[in-house]
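# Topology and contacts: notes
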Amino acid sequence: MRFELLPLFVAASSVTAKVSYDGAKAIRIPVGEDVTPVMDIISKLELPTWKGVQNGVPQANSLVDLVVPAEKVAEFNTLITDINHEVMHEDLGASIAAETATVSAFQAGVVDLSWYNAYHPYADHIQYLKDLQALYPKNSEIVIAGNSGNGNPITGIHFYGDAGKGKPAVIIHGTVHAREWITTMTVEYLAYNLLSNYNTDTEYKSIVDKYDFFIFPVVNPDGFLYTQTNDRLWRKNRQSVSTSTCLGRDINRNWPFQWSVPGGSSTDPCSQTYRGVTAGDSPENKVLVAQINALKASQGVQLFIDVHSYSQLFMTPYGYSCDALSTKNDIYQSLAKGTSAAITAVYGTKYVYGPICSTIYQATGTSVDYVSDVTEANFSFTIELRDTGANGFVLPPSQILPTSLETFEGFKYLLKNM
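Residues numbered from 1 in each chain as written. Predicted model: local features only at pLDDT ≥ 70, side-chain atom pairs only at ≥ 80, totals over all residues. Heavy atoms only, no water.

### Concerning the side chain of N152
Applicable threshold: Strands are runs of DSSP state E lasting at least two residues, helices are runs of H or I lasting at least four, and both sets are numbered from the N terminus onward. Polar contact criterion, stated in full: a pair of N or O atoms within 3.5 Å, where within protein one must be able to donate a hydrogen and the other to accept it, and residues adjacent in sequence count only if both atoms are side-chain atoms. Contacts: residue pairs with any heavy atoms within 4.5 Å of one another.
If you trace the backbone, N152 turns up in the loop between β7 (140–147) and β8 (153–159). Side-chain polar atoms of N152 contact the side chain of D222, separated by 2.7 Å. Contacts of N152, omitting those with residues within four sequence positions, involve Y122, G146, N147, P221, D222 and L225.

What follows is the structure, encoded as structure tokens:
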């Protein structure tokens, strides 16, 4: 039985029709030991889920976040009468509309904190990176890891200290999952803050002088573009599947390491966690694997961070097994504890830390596990940004800068202490 479904309200005659969430509700349901009542509701109404459901089954003793289409709200209310729940978004469509209501005309060449007051179209993100690089031409360059399945360049910024290129690499990926818009902004803020303070702050200068930074705010451009034109809550890339009418692979279940371990991904092309036909068969994954391994061979990889949302977690290897632990697990947990504390110290935002599998869920074919054990980077982490469920993927623009500021402090701790 399949519970992770195609997006809401797409007309059967057109897979490219714009998805409407007007009148839909986002709901949170606490689940105890018996997951059957919630699973039955999800199955009966074919509800898309955001959190707390692994391979179609709600996780026991967890929180399940799901979306109820407008036309199913009445029936859902009848079924949920005796089950405790809370409303995250009363009208999901209205929340999505408000999310982009603050977007103002982008002024090319203007690089300041005003960028972090709103979410932006994909083309403006690319221009922002170019404008940022143009301000620091002696210490940075625009880099293209390669092209997506639809031919969009996977664009990043490479920056380094006055001594030049060639130091161990720090690699950060954002917008792996297309709907996680807060990750795009937070990753860009890291580059902005380090570069803009390099010449005036000795602490920042010492960090940049020590490493080469490769910052990619959007590694899934096809999916990200689709969230801005057709379906705000699209997750995967836009790759076709020869055996299905469903589109997309989950790029973070496609890395060629522990890819086929049961339980951590899906073989169903319609699932949000579809792993692909073979390990590493997504165009984006091929590009990212090649780039990371080339950097390892040429200058070494000190740190990799895969940035996601939401749940407020800072996690270490491994995702593929809850029994396997890194040989450096003690060091990993010490760094994760310090990073989480540094984030919390800014606004009090609480983060939980630990290995991926035991902290959130089993996940196979992930970037963190691959970069840890195949690329053999010194350190490999993933983070789930704000929030813990009040807004979920549709995080208000007012939280962009606070999220970016606190996350930067966590990353700064990590860069200084690893």
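### Description of the state of the cysteines
Here is the rule: We call a pair of cysteine sulfur atoms a disulfide when they lie within 2.5 Å.
If you walk through the whole model with that rule in mind, you get two disulfides. The disulfide that involves C246 links it to C270, with 1.9 Å between the sulfurs. Every disulfide takes its handedness from the sign of the S-S torsion; for C246 and C270 that torsion is 80°, giving right-handed. Of this pair, C246 sits in the loop between α7 (221–229) and α8 (283–298) while C270 sits in the loop between α7 and α8, and the two are 24 residues apart along the sequence.

### Here's the deal with the pattern of salt bridges
Condition: By definition, a salt bridge exists where a carboxyl oxygen of Asp or Glu is found within 4 Å of a side-chain nitrogen of Lys or Arg. The classification of residues rests on relative accessible area computed with a 1.4 Å probe and restricted to protein chains. Under 20% of the type maximum is buried, over 50% is exposed, and intermediate values are partly exposed.
Applying the stated criterion across every chain, the model contains 14 salt bridges. A salt bridge links R253 to D250, with the shortest nitrogen-to-oxygen separation between them at 3.8 Å. No difference in accessibility class separates R253 from D250, as the two residues are buried. Where E409 meets K412, a salt bridge forms, and the shortest distance between an N and an O atom there is 3.2 Å. Pair noted here: E409 and K412 are both in helix α12 (residues 400–417), with a separation of three residues, about one helical turn. Overall, K412 belongs to the buried group, its relative accessible area being 13%. Linked through salt bridges whose partners overlap, the residues forming this network are E203, E409, K412 and K416.

### A few points about unusual backbone geometry
Cis geometry is found at the peptide bond from S309 to Y310, where omega equals 5°. Along the chain, Y310 turns up in the loop between β11 (301–309) and β12 (313–316). In this structure, Q312 is a non-glycine residue whose phi angle is positive, near 60°. Within the element layout of this structure, Q312 appears in the loop between β11 and β12.

### Considering the sheet that holds strand β2 (residues 49–51)
Selection criterion: By definition, two strands form a pair when at least two bridges between them are found by DSSP. As a rule, the C-alpha atoms of each element are fitted with a line to give its axis, helices using only the stretch in contact, and angles between N-to-C directions run from 0 to 180 degrees.
The four strands lie next to each other as β2-β5-β1-β6, forming an open sheet whose pairing is antiparallel. Strands with a single pairing partner mark the edges of an open sheet, and in this sheet they are β2 and β6 (86–89). With direction set aside, neighbouring strand axes in the sheet form an average angle of 30°. For strand β1 (residues 25–31) and strand β5 (residues 62–68), the ladder comprises seven bridges, and the chain directions are antiparallel. Bridge pairing in β5 places R28 opposite D65. Together, β1, β2 and β5 form the strand contacts of helix α1 (residues 36–45), whose direction differs from that of β5 by roughly 20°.

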